[in-house]
Amino acid sequence: MKLRKIIHVDMDAFYASVEQLDDPELRGKAIAVGGGSKRGVVAAASYEARKFGVKSAMSGALAYKLCPQLIFVKTNFDRYREISQRIRKIFFEYTDLVEPLSLDEAYLDVTENKKGNPSATLIAKEIRDKIKEKTGLNASAGISINKFVAKIASDYNKPNGQKTVHPEEVEDFIQALEIRKFHGVGKVTATKMYSLGIFTGADLKEKSLAFLQENFGKSGPYYYNTVRGIHLSEVKPNRIRKSLGAERTFLENISSEIFMLERLEHIAEEIERRLKKSQVAGKTITLKIKYSDFSLQTRSKTLSYYIASKELILETAKELLYQEKMKNSVRLLGISLSNLNTEDRTKKQSEEPEEVYVQMKFDF
């Protein structure tokens, strides 16, 4: 029996902070990383910009409307990856159980760590200080007994802060959460929960397992356990990819299928490059189409064999494109591969018995 000690480290406004680090003239100013045109999208916003309501995934046009003095900066993913790798080296000084979620966040299991430090709270502070020293960037952290609580906690004292939810505090912490904070509860599920009188974790805990299964199917047991602080997902150093894709938003809507095929060829080339880098292949090809009215359509086909070449990906994407007539002009096209050859390993791992962890009280 042992208690996990999990840290979730989340870099503060990572892309924007890197740009401000590299260009002193941007420091203290409202900046957004991404496309600033009418068709552009905000990839990240500095905290100065967030005060005006600018946030990631927002259109460039709306961002400018909210913050007329906003400065747009082009993305530089090579630079972000470089710094991300430096940050991960710091993580590995403390534990080999590191599960990156993206370039700017990761879970660390420090239950047994390389420093022999029994306090996950102190380890998190050390890591944040070292990130600041080595990169000049700020990081926030959440510390608790499982990944679910640690991730939520990391958002509490942003920027440049941390929060520890001790074992004896976990259930009260979860019960006080607004239901939208629960992973897997999006707008549709939240609306259904509201209609059932579920607005907080405390409301959720009042519902029986049978009630949750009846109303939410397979997700019922997840909600039932999570609200009680039971979340057994381990920190997995080698996360197995389940899908891979790329998409492009166009400066102008396109209606010509010839132009669409040209764009799909470029996308297929990018996917081939990523597949080779990841050394994976897939059987299911999905074509994503976003029309000028922002309606979204996907078309998929599963092959009997794995593919990884641009030619085969493009051939299937063309077939899906011609599957039915376009209902409008198109603003975005995307291709993704799923049913990857990594999933055999996932299945094998899931068949292995999972160690059960029991919550105990000791120095955290």
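Residues numbered from 1 in each chain as written. Predicted model: local features only at pLDDT ≥ 70, side-chain atom pairs only at ≥ 80, totals over all residues. Heavy atoms only, no water.

### A few points about the overall build of the chain
Threshold: Helix numbering and strand numbering both begin at the N terminus, where a helix is a DSSP run of H or I of at least 4 residues and a strand a DSSP run of E of at least 2. It is over C-alpha atoms that the radius of gyration is taken, and the globule rule equals 2.2 Å times the number of residues to the power 0.38. Remark: exposure states derive from per-residue accessible area (1.4 Å probe, protein chains only) relative to the maximum for the residue type, with buried under 20%, exposed over 50%, and partly exposed in between.
Across its full length, the chain holds 14 helices and 12 strands. Here the chain has a C-alpha radius of gyration of 23 Å; the compact-globule value for 364 residues is 21 Å, and the two agree. When the backbone C-alpha atoms are referred to their principal axes, the chain occupies close to 65 × 55 × 45 Å. The buried share of the chain, taken over its 364 residues, is 44%.

### Brief notes about the side chain of Lys 147
Inclusion rule: Contacts described as polar in this section are N or O atom pairs within 3.5 Å, which, within protein, must combine one atom able to donate a hydrogen with one able to accept it, while residues neighboring in sequence count only if both atoms come from side chains. Note on definitions: a residue-residue contact is assigned when non-hydrogen atoms from the two residues lie within 4.5 Å.
Inspection of the secondary structure assignment puts Lys 147 in helix 6 (residues 147-153). Among the polar contacts listed, one links the side chain of Lys 147 to the side chain of Ser 233, at a separation of 3.1 Å. A polar side-chain atom of Lys 147 sits 2.9 Å from the main-chain carbonyl oxygen of Glu 234. When neighbours within four sequence positions are excluded, Lys 147 is seen to be in contact with Ile 6, Glu 99, Tyr 107, His 231, Ser 233, Glu 234 and Val 235.

### Examining the sheet that holds strand 7 (residues 139-144)
Strand pairing in a sheet is mediated by backbone hydrogen bonds. Such pairs are either parallel or antiparallel. Convention followed: By this definition, two strands are paired if DSSP reports at least two bridges between them. Working convention: axes come from line fits to C-alpha atoms, limited for helices to the stretch in contact. Angles between N-to-C directions cover 0 to 180 degrees.
Judged by pairing direction, the sheet is mixed, and its five strands sit side by side in the order 5-6-1-7-8 without closing on themselves. Bordering the open sheet on either side are strand 5 (98-102) and strand 8 (162-164), each of which pairs with just one other strand. On average, each strand axis in the sheet is inclined to that of its neighbour by 15°, with strand direction left out of account. Note: strand 7 against strand 8, three bridges, orientation parallel. Within strand 8, the residue paired with Ile 143 across the bridge is Thr 164. Contacts from helix 4 (residues 77-92) reach strand 1 (6-11), strand 5 and strand 6 (105-109) within the one sheet, and its direction differs from that of strand 5 by about 155°. Relative to the sheet, helix 5 (residues 120-135) contacts strand 1, strand 6, strand 7 and strand 8, its axis offset from that of strand 7 by approximately 165°.

### Here we look at the nonpolar core
Heads up, the condition is: Throughout this description, the term nonpolar core refers to a set of buried Ala, Val, Leu, Ile, Met, Phe, Trp, Tyr and Cys residues connected via side-chain atoms within 4.5 Å.
Counting residues in each nonpolar core, the largest one holds 32 residues, and the members touching the most others are Ile 7, Phe 14, Phe 91, Leu 108, Ile 127 and Ile 131. Contributing elements (two or more residues each) for this core: strand 1, helix 1 (14-22), strand 2 (31-34), helix 4, strand 6, helix 5 and strand 7. If we ignore the near neighbours within four places in the chain, the residues touching Phe 14 are Tyr 80, Ile 83, Ser 84, Ile 87, Leu 103, Asp 104 and Leu 137. Counting 29 residues, the second-largest nonpolar core is a separate cluster that includes Ile 254, Val 280, Leu 314 and Ala 317.

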